[in-house]
Amino acid sequence: MTARILNGNLIREEIYVELREEIGALKAAGITPGLAAVLVGDNAASKVYVNSKVAACESLGIRSFFLTPPAAITTQELLALVRDLNQRDDVDGVLVQLPLPPQVDAKQILDAVDPSKDVDGFNPINVGRLVAGRPNLVACTPLGVMEILRRSKIPIEGAEAAVIGRSDIVGKPMALLLLHANATVTICHSKTRDLPATARRADIVVAAMGRPAMITADYIRPGATVIDVGTNRITDAAQAERIFAKFPERLAKFREKGSALVGDVHPDVVEVAGALTPSPGGVGPLTIAMLMSNTVKAARMRHSGRAAGAATVRR
Ligand code: NDP
């Protein structure tokens, strides 16, 4: 058996077609959605992420504001910057790229983002709304996973789901979204006693641990849907040889570049799963698509004066 590959790039394009239409309608009404991205300092990986978010804005016709305060910024200075963005009428979404430098109190900064502009869905008000089943702006990666499942017609209601990882950014909101969609959800973490057996019970496995290729075929019930959120860069040749033993093209690419991106799910899982997201090319593209979608949603809500009222899990 070979799993159906759930291609995140194709699903993102589907969503972009819909978003372009929605943005066109907003613009016709005199509203141009705007996203402000704050990148503190010089972190190379963060730069790549923020650049791709800004590029996505440009391709969709969302106005973007790219702020790059210096790495030495204080918590108070960054708070002032965020509060200024909260006030600006041309900014609908505010995103502060993580990680922040150690002298900055990241929690204080994230808490300061106006909940109606919190397109990352990290503000406790938005987290609380999600817990209460009245979601407003929800974290982009788990929202993207739901889009993959729904658009790929994977049944969720009544399904057993195992979410591996319990971070505030991915695992917890993921579990809540699946629960609200009527899955029976088990949240697994580093202290889970028998992870393979727990995962093997699931119809849907979401892996979000940051452990390269840890989820091997023996964690997966034959035919299950496997969503690989993990994005890990590996540079060790012996590790690459083990992971890509059955994938000579990926191994050749690794040798050419000296590194490769792999998910938390071992590529051999393609032989047992019923459906599988690749990594890269699965969940990643949806994360940015959902950021765009949240920005458009924030613009729509702010300008219709219904910012506190929207109550659907779906966009
Ligand atoms: P965190 O490090 O914040 O959380 C990792 C979670 O995995 C923790 O809850 C931890 O458990 C659990 N975990 C770690 N090791 C094990 C193990 N051996 N067995 C079971 N559980 C384990 O990571 P994030 O949630 O931020 O990210 C997870 C992965 O997703 C990363 O690879 C990251 O790069 C990727 N990611 C990808 C995105 C995308 O757009 N594709 C976006 C965001 C993240 P415990 O709580 O007990 O420590």
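Residues numbered from 1 in each chain as written. Predicted model: local features only at pLDDT ≥ 70, side-chain atom pairs only at ≥ 80, totals over all residues. Heavy atoms only, no water.

1. Observations concerning the nonpolar core
So, point 1. Judged by nonpolar contacts, the single largest core of 57 residues is most densely connected at L149, L178, I227 and M292.
So, point 2. Counting the residues that make up this core, at least three belong to each of domain 1 (29–116) and domain 2 (140–285).
So, point 3. In this structure M292 touches Y16, L19, L35, K53, A56, C57, L60 and I62, once residues within four positions along its chain are discounted.
So, point 4. Counting residues in hydrophobic clusters, the runner-up holds 19 residues, among them A207, I215, I220 and V226. (Core = buried A, V, L, I, M, F, W, Y, C linked by side-chain atoms within 4.5 Å. Buried < 20%, exposed > 50% of the residue type's maximum accessible area, 1.4 Å probe, protein only. Domains from an automatic or database assignment. Contact = heavy atoms within 4.5 Å.)

2. Focus: the confidence of the model for the protein chain
So, point 1. Scored by pLDDT, the protein chain has a mean of 95; 97% of the residues are at 70 or more.
So, point 2. The model gives residues 306–315 a pLDDT under 50, and that stretch makes 28 contacts with residues more than four places away or in other chains. (pLDDT = per-residue confidence, 0-100.)

3. Here we look at the site of the ligand
So, point 1. Taken together, 19 residues form the shell around the ligand, and within it R166, S167, S190, G210 and T287 come nearest.
So, point 2. Contacts to the ligand include R166, whose side-chain N or O atom sits 2.7 Å from an oxygen atom.
So, point 3. For the ligand, a nitrogen atom lies 3.1 Å from a polar atom in the side chain of R211.
So, point 4. Look at the ligand: alone it shows 940 Å² of surface, and the protein chains cover 69% of it.
So, point 5. Split by residue class, the shell around the ligand holds six nonpolar, 11 polar and two charged. (Near = heavy atom within 4 Å. Polar contact = N/O pair within 3.5 Å; in protein donor to acceptor, adjacent residues only side chain to side chain. Areas by Shrake-Rupley, 256 points an atom, 1.4 Å probe, with all protein chains shown as cover. Nonpolar A, V, L, I, M, F, W, Y, C, P; charged D, E, K, R; others polar.)

4. Things to note about empty space enclosed by the protein
So, point 1. One pass over the structure, following the stated rule, counts three cavities of 30 Å³ or more.
So, point 2. Of the pockets and cavities examined, the largest cavity occupies roughly 40 Å³.
So, point 3. Every residue lining the largest cavity is listed: V94, L95, V96, L110, V113, D118, D120 and F122.
So, point 4. Ranked by the residues each element gives to the lining of the largest cavity, the list is headed by strand β4 (residues 93–96), at three residues.
So, point 5. For the lining of the largest cavity, the class distribution of residues is six nonpolar, no polar and two charged. (1 Å grid on protein atoms, 1.4 Å probe; cavity = no way out; pocket = protein on both sides within 12 Å on 5 of 7 lines; lining within 4 Å. Points joined across faces, edges and corners; volume = space filled by probe spheres on them. Helix = DSSP H or I, 4+ residues; strand = E, 2+ residues; numbered from the N terminus.)

5. Notes on the pairing of β4
So, point 1. In β4, alternate side chains face the same way, and those of G93 and L95 on one face and V94 and V96 on the other are all buried.
So, point 2. Where strand β2 (residues 34–38) meets β4, four bridges bridge the pair, whose relative direction is parallel. Across the sheet, L35 pairs through a bridge with G93, a residue of β4. (Pairing = 2+ DSSP bridges.)

6. Brief notes about the domain arrangement of the protein chain
So, point 1. Looking at the protein chain, the domain boundaries give domain 1 (29–116) and domain 2 (140–285).
So, point 2. Just the C-alpha atoms count here: the centres of domain 1 and domain 2 sit 29 Å apart.

7. A few points about the pairing of β2
So, point 1. Summarising burial for β2: five of the five residues are buried, a large majority.
So, point 2. Burial along β2 is two-sided: the face carrying G34, A36 and V38 and the face carrying L35 and A37 are both buried.
So, point 3. Direction of pairing for β2 relative to strand β3 (residues 63–67): parallel, over a ladder of five bridges. Bridge pairing links A36 to F65 in β3.

8. Some remarks on the sheet that holds β4
So, point 1. The parallel open sheet is built from three strands, whose spatial order is β3-β2-β4. The open sheet has two edge strands with one neighbour each: β3 and β4. Looking at each pair of strands side by side, their axes are set apart by 15° on average, direction ignored.
So, point 2. In this fold helix α2 (residues 44–60) packs onto β2, β3 and β4, with an angle of close to 155° to the strand it touches most, β3.
So, point 3. Packed on one face of the sheet, helix α3 (residues 75–87) meets β2, β3 and β4 and runs near 175° to β2. (Axes fitted to C-alpha atoms, helices over the stretch in contact; angles between N-to-C directions.)

9. Details of the environment of V104
So, point 1. Tracing the backbone through its elements, the reader meets V104 in the loop between β4 and α4 (106–112).
So, point 2. In the structure, V104 is positioned 32 residues away from A72 in sequence and 8.9 Å away in space, judged by C-alpha atoms.
So, point 3. Beyond its immediate chain neighbours, meaning those up to four positions away, V104 contacts I73, T74, T75, L78 and I109.

10. Overview of the pattern of salt bridges
So, point 1. What the rule picks out here adds up to 14 salt bridges.
So, point 2. Note that E13 is salt-bridged to R12, the shortest N-O span being 3.3 Å.
So, point 3. Residue E13 is classed as partly exposed on the basis of its relative accessible area of 36%.
So, point 4. With a relative accessible area of 24%, R12 lands in the partly exposed category.
So, point 5. Across the pair D42 and K47 runs a salt bridge, and its minimum N-O distance is 3.3 Å.
So, point 6. D42 sits in the exposed class, given a relative accessible area of 63%. (Salt bridge = Lys/Arg side-chain N within 4 Å of Asp/Glu carboxyl O.)

11. Quick word on the layout of surface pockets
So, point 1. For the largest pocket, the calculated volume is near 1,300 Å³.
So, point 2. Along its surface, the largest pocket is lined by 40 residues, and Y49, T141, T231, G284 and T287 are the ones closest to its centre.
So, point 3. When contributions to the lining of the largest pocket are tallied by element, the ones reaching two or more residues are α2, β4, α6 (140–151), β9 (232–234) and α11 (283–304).
So, point 4. Among the elements that make up the lining of the largest pocket, the one with the highest residue count is α11 (six residues).
So, point 5. Residues lining the lining of the largest pocket come from more than one domain, with at least three contributed by each of domain 1 (29–116) and domain 2 (140–285).
So, point 6. Of the pockets and cavities examined, the second largest pocket occupies roughly 420 Å³.
So, point 7. Lining the second largest pocket we find 19 residues, and of these K107, L110, F122, V127 and D168 sit closest to its centre.
So, point 8. For the lining of the second largest pocket, the elements supplying multiple residues, two or more each, are α4, α5 (124–131) and α7 (171–180).

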